[in-house]
Amino acid sequence: MNIKKLLGPRLVIRMKDLKQDQTQDGVFIPQAAVDEIQMYDEGEVIMCGTGDIVGGDSITFSVEVGDKVLVSRLAPKCELKLEIIDGIRYVDYLLNDGEISAILE
């Protein structure tokens, strides 16, 4: 599925696929162990929507394409597609901009 344009306060975030985490020695780490250790996922904004209008005022995003962000593991998000880039599995998620917890340096 290719998205032409996002509408409203939505973002597409690319995150490493944690379902396939493994150590450098090739040992796979179960998802349950990863969930206990990490409550946030790190991702990159790859697409922004049109923003929102509240009380007649236009609201813009606090993030831009290319920003590295933290998203709560419990945030509602919709999985769009899986890509393999340089041997690493990435998943693109659609979520509302209010689900971004922090912008990283």
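Residues numbered from 1 in each chain as written. Predicted model: local features only at pLDDT ≥ 70, side-chain atom pairs only at ≥ 80, totals over all residues. Heavy atoms only, no water.

Side note on the overall build of the protein
At step 1: Counting secondary structure elements, the protein contains one helix and eight strands.
At step 2: Shown N-terminal to C-terminal, the secondary structure of the protein runs as helices and strands in the order β-α-β-β-β-β-β-β-β.
At step 3: Counting all 105 residues of the protein, 27% fall into the buried class.
At step 4: Residue pairs at least 24 apart in sequence account for 70% of intrachain contacts in the protein once pairs closer than 6 positions are excluded.
At step 5: Per element, the accessible surface of the protein, about 7200 Å² overall, is 52% carbon and sulfur. (Helix = DSSP H or I, 4+ residues; strand = E, 2+ residues; numbered from the N terminus. Buried < 20%, exposed > 50% of the residue type's maximum accessible area, 1.4 Å probe, protein only. Contact = heavy atoms within 4.5 Å. Areas by Shrake-Rupley, 256 points an atom, 1.4 Å probe, with all protein chains shown as cover.)

A word on unusual backbone geometry
At step 1: Even without being glycine, Asp86 reaches a positive phi, approximately 50°.
At step 2: When its relative accessible area of 77% is taken as the criterion, Asp86 is described as exposed.

Digging into the pattern of salt bridges
At step 1: Summed over all chains, the structure comprises five salt bridges.
At step 2: Notably, a salt bridge pairs Arg14 with Asp92, separated by 2.8 Å at the nearest N-O pair. Taken together, the positions of Arg14 in strand 1 (residues 10-16) and Asp92 in strand 7 (residues 88-96) put the pair 78 residues apart, joining distant regions of the chain.
At step 3: Judged by its relative accessible area of 21%, Arg14 falls in the partly exposed class.
At step 4: For Arg73, the salt bridge identified is with Asp41, shortest N-O distance 2.5 Å. Placement of Arg73 in the loop between strand 5 (68-72) and strand 6 (78-85) and of Asp41 in strand 2 (residues 40-48) is noted, with a sequence separation of 32 residues between them.
At step 5: In this structure Asp41 comes out as buried when scored by relative accessible area, which is 9%.
At step 6: Each of Arg14, Lys81, Glu83 and Asp92 takes part in salt bridges that share partners, so that together they form one network. (Salt bridge = Lys/Arg side-chain N within 4 Å of Asp/Glu carboxyl O.)

Some details on a nonpolar patch on the surface
At step 1: Taken together, Met39, Tyr40 and Leu74 make up a surface patch of nonpolar side chains, about 340 Å² in accessible area.
At step 2: Tracing the sequence through the fold places Tyr40 in strand 2.
At step 3: For Tyr40, a relative accessible area of 38% corresponds to the partly exposed category. (Patch = residues over 30% accessible without salt bridge, like charges linked within 9 Å, V, L, I, M, F, W, Y side chains within 5 Å.)

Considering the side chain of Arg73
At step 1: Using a relative accessible area of 16% as the deciding quantity, one classes Arg73 as buried.
At step 2: Within the structure, the side chain of Arg73 is placed 2.5 Å from the side chain of Asp41, a separation counted as a polar contact. (Polar contact = N/O pair within 3.5 Å; in protein donor to acceptor, adjacent residues only side chain to side chain.)

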